[in-house]
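Results of the structural survey
Residues per chain, in single letters:
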Amino acid sequence: MSFPPRDLDWHPPTIDLAYKSTTYRGPKHKRLQLPPTASELSGPVFARDMIGPDDANLIENFAASGETAIGPRIIVHGQVRDEEGRPVPNALIEVWQANAGGRYRHSKEAYLAPLDPNFGGCGRCMTNAEGRYEFWTIQPGPYPWPNGPNDWRPAHIHVSVFGHSFAQRLITQLYFEGDPMIWLCPIVGTITSKAAVETLVAQLDMDRTVPFDARAYAFNITLRGPDQTFFEGAA
Amino acid sequence: MHIGCTPNVDGMAMYGGDLGAVMKTGPVQGHDIIVTGTVFDGQGEALKDAMVEIWQADAHGVYPGQTGADPHFTGLGRSAGDMGTGAFRFETVKPGSVGGQAPHITFWIVARGINLGLHTRMYFPEDDLGGDPVMAAVPEARRATLIAARTDSGYQFDIHLQGPQETVFLDI
């Protein structure tokens, strides 16, 4: 097993002044491209039983007994694949997001929108033998952030993935089909290729919708290689 | 902040504890060390929102999950950094050498403003790095950015995103 070097033109440049945080945080030297060694080809192996019964249900995993989170109920599902299109089983996926009003539950955040007492915004799951995963949540809201005078993050879910090799380590963001805010966002705008941005947009999937319960969005993730999902740090 | 990776750090009790918070789940063979460090931006400011992950072999140079690995060593560390200073800290063991490489710890760094997670690695100042194939590929003037400094309890490994001491990052 090995990995070809990343296509650094598919990924955004490390510095893009429209996304101000990159100004002093983006390395100026090009990454040193080397073939991976045993240290990068190996990676943590997680036991399936580390995933608790409610971990993949953000609608309920922080809610009081008998309560559920507020917001549009959705199912997010997809397949994790490697660079050759093969499914990646037993990949650990961790997700986090703002609530339906665009508010995160963490101590350094103070957006006007209120916390939902029944929503923590964190979940995790593991891919099955076919590389497929699914979690239930509520659709997050957009929120303003300090960058330009009037910048808003499109509704998004942060997605962290451990494949089988530490070289495949990924954190990315999931956006929602049809959201006009995607194309106004300076973080999304660091990605120069429209096709690359589209790998981050989950598609409405009526076939997987549960009638009278939750709509579904499909989001496939590709680890390393020419087809890979854009890697990025969290905003 | 990567709240979903370290919810317990911010007071959200989930999963029975954060992944990567504990690297030793029982008695572990080898020499205990503490690895600390800070991620600095191009203005010399410490990042307080970085998440740093490490992955390493056990004291005998075997990766967890592989045959013969120390059963009480996870190899994976994850730190959201100190809420006040941003400094990361890992309680681990010194890894053995792996496949002709000098002992090292693999690092992965993400933060706001880092568009593509950064891979690098930390070597130990007391080791002979002469035969290490990755170090050999690094321009000599920049090799020192991958070598930790000794402390009383272990090692200090600061990461510089920019500037004259910019750390060598790897696409590996």
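The rules behind each value
- Residues numbered from 1 in each chain as written.
- Chains lettered and ligands numbered in written order.
- Predicted model: local features only at pLDDT ≥ 70, side-chain atom pairs only at ≥ 80, totals over all residues.
- Heavy atoms only, no water.
- Phe/Tyr/Trp six-rings, centres within 6.5 Å; stacked < 30°, edge-to-face > 60°.
- Helix = DSSP H or I, 4+ residues; strand = E, 2+ residues; numbered from the N terminus.
- Buried < 20%, exposed > 50% of the residue type's maximum accessible area, 1.4 Å probe, protein only.
- Disulfide = S-S within 2.5 Å.
- Contact = heavy atoms within 4.5 Å.
- Buried area = accessible area lost by both parts, 1.4 Å probe.
- Salt bridge = Lys/Arg side-chain N within 4 Å of Asp/Glu carboxyl O.
- Polar contact = N/O pair within 3.5 Å; in protein donor to acceptor, adjacent residues only side chain to side chain.
- Nonpolar A, V, L, I, M, F, W, Y, C, P; charged D, E, K, R; others polar.
- Pairing = 2+ DSSP bridges.
- pLDDT = per-residue confidence, 0-100.

1. Notes on the packing of aromatic side chains
- Scanning the entire structure with this criterion turns up 10 aromatic pairs over all chains.
- Considering the side-chain rings of Tyr 19 of chain A and Trp 145 of chain A, the 5.8 Å spacing of their centres and the 80° angle between planes classify their relative orientation as edge-to-face. Separated by 126 residues along the polypeptide, Tyr 19 of chain A in the segment before strand E1 (32-33) and Trp 145 of chain A in strand E6 (residues 143-145) bring together distant segments of the chain.
- Overall, Trp 145 of chain A belongs to the buried group, its relative accessible area being 11%.
- Taking 5.3 Å as the distance between ring centres and 75° as the angle between the ring planes, the aromatic pair formed by Tyr 104 of chain A and Tyr 143 of chain A counts as edge-to-face. In this pair, Tyr 104 of chain A sits in the loop between strand E3 (92-97) and strand E4 (122-126) while Tyr 143 of chain A sits in strand E6, placing the two residues 39 residues apart along the sequence. Tyr 143 of chain A shares its class with Tyr 104 of chain A; the two are buried.
- An aromatic cluster of at least three residues, connected via ring pairs, comprises Phe 88, Phe 90, Phe 107 and Phe 157 of chain B.

2. Examining the state of the cysteines
- Scanning the entire structure with this criterion turns up 0 disulfides over all chains.
- This cysteine, Cys 5 of chain B, is not joined by any disulfide, and Cys 122 of chain A carries the nearest cysteine sulfur, 8.7 Å off.

3. Re the interface of chain B and chain A
- Taken together, the contact pairs 56 residues of chain B with 62 residues of chain A.
- Broken down residue by residue, the surface that chain B buries against chain A is led by Asn 115, Leu 116 and Asp 171 of chain B, which jointly contribute 17%.
- At the boundary of chain B with chain A, the tally comes to 6 salt bridges.
- Put simply, Arg 78 of chain B and Glu 94 of chain A hold a salt bridge, and the shortest N to O gap is 2.7 Å.
- In this assembly, chain B and chain A are joined by 31 residue pairs in polar contact (both at pLDDT 80 or more).
- Secondary structure elements with two or more residues in the side of chain B that touches chain A: strand E3 (51-55), strand E4 (76-79), strand E6 (104-110), strand E7 (118-123), helix H1 (133-137) and strand E11 (170-171) of chain B.
- Across the side of chain B that touches chain A, the residue classes break down as 32 nonpolar, 13 polar and 11 charged.
- Across 2 bridges, the pairing between E1 of chain A and E11 of chain B is parallel. Residue pairing across strands places Gln 33 of chain A opposite Asp 171 of chain B, the latter belonging to E11 of chain B.

4. Examining the confidence of the model for chain B
- On average, chain B scores 96 in pLDDT, and the residues at 70 or more come to 99%.
- At the level of chain-chain contacts, confidence expressed as ipTM amounts to 0.96, with global pTM at 0.95.

5. Observations regarding the pattern of salt bridges
- In the structure shown here, the tally under the stated rule is 18 salt bridges over all chains.
- As a salt-bridge pair, Lys 24 of chain B and Asp 32 of chain B come within 2.9 Å of each other at their nearest N and O atoms.
- When its relative accessible area of 23% is taken as the criterion, Lys 24 of chain B is described as partly exposed.
- Among the ionic pairs, Asp 127 of chain B bridges to Lys 94 of chain B, the shortest N-O distance being 3.0 Å. Pair noted here: Asp 127 of chain B is in the loop between E7 and H1 and Lys 94 of chain B is in the loop between strand E5 (88-93) and E6, with a separation of 33 residues, a long-range link.
- For Asp 127 of chain B, a relative accessible area of 22% puts it in the partly exposed group.
- Several salt bridges share partner residues, and in doing so they unite Glu 94 and Arg 169 of chain A together with Glu 53 and Arg 78 of chain B into one network.

6. Let's talk about the environment of Pro 154 of chain A
All names here are of chain A.
- Relative to the elements of secondary structure, Pro 154 occurs in the loop between strand E7 (151-153) and strand E8 (157-162).
- Residue classification places Pro 154 among the buried positions, given a relative accessible area of 0%.
- The sequence separation of Pro 154 and Lys 30 amounts to 124 residues, and the corresponding C-alpha distance is 30 Å.
- Those residues in contact with Pro 154 that sit more than four places away from it in its chain are Pro 142, Tyr 175, Asp 179, Met 181, Ile 182, Cys 185 and Val 188.

7. A word on the pairing of E4 of chain A
All names here are of chain A.
- In terms of residue burial, E4 counts as a mostly covered element, since 5 of its 5 residues are buried.
- Here E4 shows no split at all, with Cys 122, Arg 124 and Met 126 on one side and Gly 123 and Cys 125 on the other all buried.
- Here E3 runs beside E4; their pairing, made up of 5 bridges, is antiparallel. Among the inter-strand pairings, Ile 93 is bridged to a residue of E4, identified as Cys 125.

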